[in-house]
6 protein chains.
Amino acid sequence: EKLSHYDEAGQAHMVDVSAKSATRREAVARAFVELNESVLAALPENPKGNPLEVARFAGIMAAKKTADLIPMCHPLPLSFVDVQATVVAGGVEIRATAATVAGTGVEMEAMTAASVAALTVYDMTKALDKGIRIREVVLESKTGGKSGDYRRTAE
Amino acid sequence: EKLSHYDEAGQAHMVDVSAKSATRREAVARAFVELNESVLAALPENPKGNPLEVARFAGIMAAKKTADLIPMCHPLPLSFVDVQATVVAGGVEIRATAATVAGTGVEMEAMTAASVAALTVYDMTKALDKGIRIREVVLESKTGGKSGDYRRTAE
Amino acid sequence: EKLSHYDEAGQAHMVDVSAKSATRREAVARAFVELNESVLAALPENPKGNPLEVARFAGIMAAKKTADLIPMCHPLPLSFVDVQATVVAGGVEIRATAATVAGTGVEMEAMTAASVAALTVYDMTKALDKGIRIREVVLESKTGGKSGDYRRTAE
Amino acid sequence: EKLSHYDEAGQAHMVDVSAKSATRREAVARAFVELNESVLAALPENPKGNPLEVARFAGIMAAKKTADLIPMCHPLPLSFVDVQATVVAGGVEIRATAATVAGTGVEMEAMTAASVAALTVYDMTKALDKGIRIREVVLESKTGGKSGDYRRTAE
Amino acid sequence: EKLSHYDEAGQAHMVDVSAKSATRREAVARAFVELNESVLAALPENPKGNPLEVARFAGIMAAKKTADLIPMCHPLPLSFVDVQATVVAGGVEIRATAATVAGTGVEMEAMTAASVAALTVYDMTKALDKGIRIREVVLESKTGGKSGDYRRTAE
Amino acid sequence: EKLSHYDEAGQAHMVDVSAKSATRREAVARAFVELNESVLAALPENPKGNPLEVARFAGIMAAKKTADLIPMCHPLPLSFVDVQATVVAGGVEIRATAATVAGTGVEMEAMTAASVAALTVYDMTKALDKGIRIREVVLESKTGGKSGDYRRTAE
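Described in the following lines is the structure provided in the data block. All figures in this text were calculated on a predicted structure; none of them were measured in a lab.

### Notes on the overall build of chain A
Counting its regular elements, chain A contains 4 helices and 5 strands. Counting from the amino terminus, chain A carries its helices and strands in the arrangement β-α-α-α-β-β-α-β-β. A principal-axis box enclosing the C-alpha atoms of chain A has dimensions of 55 × 30 × 30 Å. Counting the 155 residues in chain A, one finds 67% classified as buried. Considering only intrachain contacts with a sequence separation of at least 6, the fraction spanning at least 24 residues in chain A is 70%. Total accessible area computed for chain A in this model is approximately 5,400 Å², and 49% of it derives from carbon and sulfur atoms. One finds the centroid of the 18 positive side-chain charges in chain A at a distance of 3 Å from the centroid of its 20 negative side-chain charges.

Here it is in structure tokens:
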């Protein structure tokens, strides 16, 4: 077992996936933005707009920029992206799904979508409370690819 | 007090900062990537490369893409960006600083830099442990601008 | 009077605005997407989502990419962008506003925001009718700058 | 029949095209920029440059940015893009063609290329007449894919 | 004298230019693409198109992407960009000029514009000769800023 | 033999590669940045940072932006990118490799990666000597595709 993205001389590079077969791969990531009571109370007060909608769209668009942001990520023809943002006890839960038919996985696309959606919730609410915390960004599951499926276990 | 980015009809838009004076504004954000012992042990084994360096550069470059990622952010002429990534007990601590001389603040630039640096650490280490967690992204401090300075209080 | 963006030898280039004073400039553009009755009827049937919201966000984000899209446009620190999308008789009317404090105007930013919002309405409705027409994209008004104000006259 | 890009709960997302077969798909879009006599007369006066050439290149490059601009568009490996811009009676006619071998169509790529080429014509001529109108952007035809071919009928 | 972009601990970062005064700064860069006789002879055979025009536009647009490409470059509001491409004995000479009114210089914007214009000439001619060489990219001159003017001396 | 990227009417466009079979294609490009003795001596003086590492990452990320920079390049799903930067007599030698499984080659991706890595070395060292020269950017080799393999011959 070793770090990904390193060649034999120890230098970081993009892993060669030319020989990997193009199969469907999917990943789900999750982020949580902790909001206090008064910020949560302010969220639904918007007659027409909705900060969670802005966050969802930002997350979807960010998934498509993953290879632009993460140096060693391969550019991938994403076949599906979805981001859900839900008000739950104590904050907003974000769940991002990405899929591709390609030679490498989409964990980073799902993680990036979840992160940027969370950052957007922060941006839309920070006037009320600068101390708002993005409390976690994690990979929930991945399927497809030679390395096998992964599903996060409950903590 | 109300949500930022909303007009009187409740629709999300970019806040008009035309009349705000261009003064120096700085923000510092922090992210923490939780790594288990075996991943932490693998980090320094690279003779020439360094995942923390890749993360730092990714964070610096991401700060410049903030307005591309966060829908209601203004494009800003950043005058300074720095990202530090340090191995500490239990993981990697990231600290991102952004500054501008402009009519609006750079909180989102610092938060975006910290998030993308954290995502890059995840990408560089996920072959060892897919369960790695970005455990928090927070604003540490901001200075400059009419709304006053902010400094995160110890929890 | 001559074409903008051309030097004395007739070659296209970016106009030099170094000596122009940075003052507030604003522009408003309008686009109209013609929709038939059955498409208009389908628009409000979405319980949670709203194609007009997606169009608005796409337009706002596109304004920030104007200099990336239009070869001779200057990159500008936009201080304000808003896009409104309204169902009217016969279709969706889009109105995009952009502002900056800079040495050149933001007509192209407003025109680009209106165009991309209109393209997004097309994308969100084309499954119902591929013949949907973006029927016009025009500059409604501009203020600020040495060349004086402009207001489109009724036709 | 329903709006594209919506899931069962009515929330906008990117349609999952993972299972669609990769076949050649082509789309042609058309835009028209209305120019008055004096602007049309000024177009060929450039000894070396040519606003229509700038517009063509801008359109070709914009086709490649479609997924960056239109929120629910899939990133596609475009196999062909061409944009023609021709002076006709009353203005400039733009015709954009895009093709791919993929699981989804390229209507939006052709529409985006035509729109940005039209915006560029506006940008290159607006010094002569701010009232110039982009009078229509439409899909001319599409071929390939399960939904069948489409050809715009004469009005 | 020391390397730019390094802090006291020797880590690369973006230099803080917050305190520098915004004055006009200009830079000129030059690139040379060496072409053999048969390629040079093929250049003017295009009845309507012109590879040098494509190269010029690519260079102008690339100048605006400099901060996206060069990690430690500041995003700058460019006030002027021009690229000239001329057939000379033995190849194509490219000359790129960039200007800004800002707290830091535009050497990298001029160098990037010249490089990308040269790469585009290569792309447009490589079907005839893959061995075509970009033979040099250099800074010709810079003016403005505290570090003084620079003019390349003849070799 | 004729210029690539031109249609029968002589207008530049993107070549249609829809019918080409997706096979593995690889290209290697080389750039050389000439540095004088004092600049070369300053390079290793950085206790923690390393301008060659910044250059390597910039080159890798730039390869992914090739279609954004070079007007007639196809967007490609790159399966591998690597950039090496080595101190040699008289300067820094850069060697960039790109690979894809697609219907067209990656010469421009390798050339762009080498160029941007060279520009980044210039940026990181220009405080010491503005006269630093990028002395050549060339294609070293290509393999795969119908047009056959190419290997640069020694001069």
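### Considering the nonpolar core
One finds A:Ile94, B:Ile94, C:Ile94, D:Ile94, E:Ile94 and F:Ile94 to be the most contacted residues of the largest nonpolar core, which totals 320 residues. Not counting residues within four places of it along the chain, the set of residues in contact with C:Ile94 comprises C:Ala29, C:Arg30, C:Ala31, C:Val33, C:Val83, C:Gln84, C:Ala85, C:Ala114, C:Ala117, C:Ala118 and C:Val121.

### Section: the packing of helix 2 (residues 51-63) of chain E against helix 4 (residues 107-125) of chain E
For any two helices packed against each other, one specifies the crossing angle of their axes together with the interaxial distance. Residue and element names in this part refer to chain E. At their nearest, the axes of helix 2 and helix 4 sit 7 Å apart, and the two run at 145° to each other. Crossing geometry of helix 2 relative to helix 4 is assigned as right-handed. Every residue of helix 4 that contacts helix 2 at Pro51, Leu52, Val54, Ala55, Ala58, Gly59, Ala62 and Ala63 is listed here: Glu109, Thr112, Ala113, Val116, Ala117, Thr120, Val121 and Met124. Residues belonging to the contact of helix 2 with helix 4 are distributed by class as follows: 12 nonpolar, 3 polar and 1 charged.

### So, the pattern of salt bridges
Evaluated as defined, the whole model comprises 66 salt bridges over all chains. With its nearest N and O atoms 2.8 Å apart, the salt bridge here joins B:Arg133 to A:Glu136. Within this pair, whereas B:Arg133 is found in strand 4 (residues 133-143), its partner A:Glu136 is found in strand 4 (residues 133-143), the two belonging to separate chains. B:Arg133 gets classed as buried once you look at its relative accessible area, which sits at 16%.

The rules behind these values
Residues numbered from 1 in each chain as written. Chains lettered and ligands numbered in written order. Predicted model: local features only at pLDDT ≥ 70, side-chain atom pairs only at ≥ 80, totals over all residues. Heavy atoms only, no water. Helix = DSSP H or I, 4+ residues; strand = E, 2+ residues; numbered from the N terminus. Buried < 20%, exposed > 50% of the residue type's maximum accessible area, 1.4 Å probe, protein only. Contact = heavy atoms within 4.5 Å. Areas by Shrake-Rupley, 256 points an atom, 1.4 Å probe, with all protein chains shown as cover. Lys, Arg positive; Asp, Glu negative; His and termini not counted. Charge placed at Lys NZ, Arg CZ, Asp CG, Glu CD. Core = buried A, V, L, I, M, F, W, Y, C linked by side-chain atoms within 4.5 Å. Axes fitted to C-alpha atoms, helices over the stretch in contact; angles between N-to-C directions. Left-handed = near helix turned anticlockwise from the far one by under 90°. Nonpolar A, V, L, I, M, F, W, Y, C, P; charged D, E, K, R; others polar. Salt bridge = Lys/Arg side-chain N within 4 Å of Asp/Glu carboxyl O.

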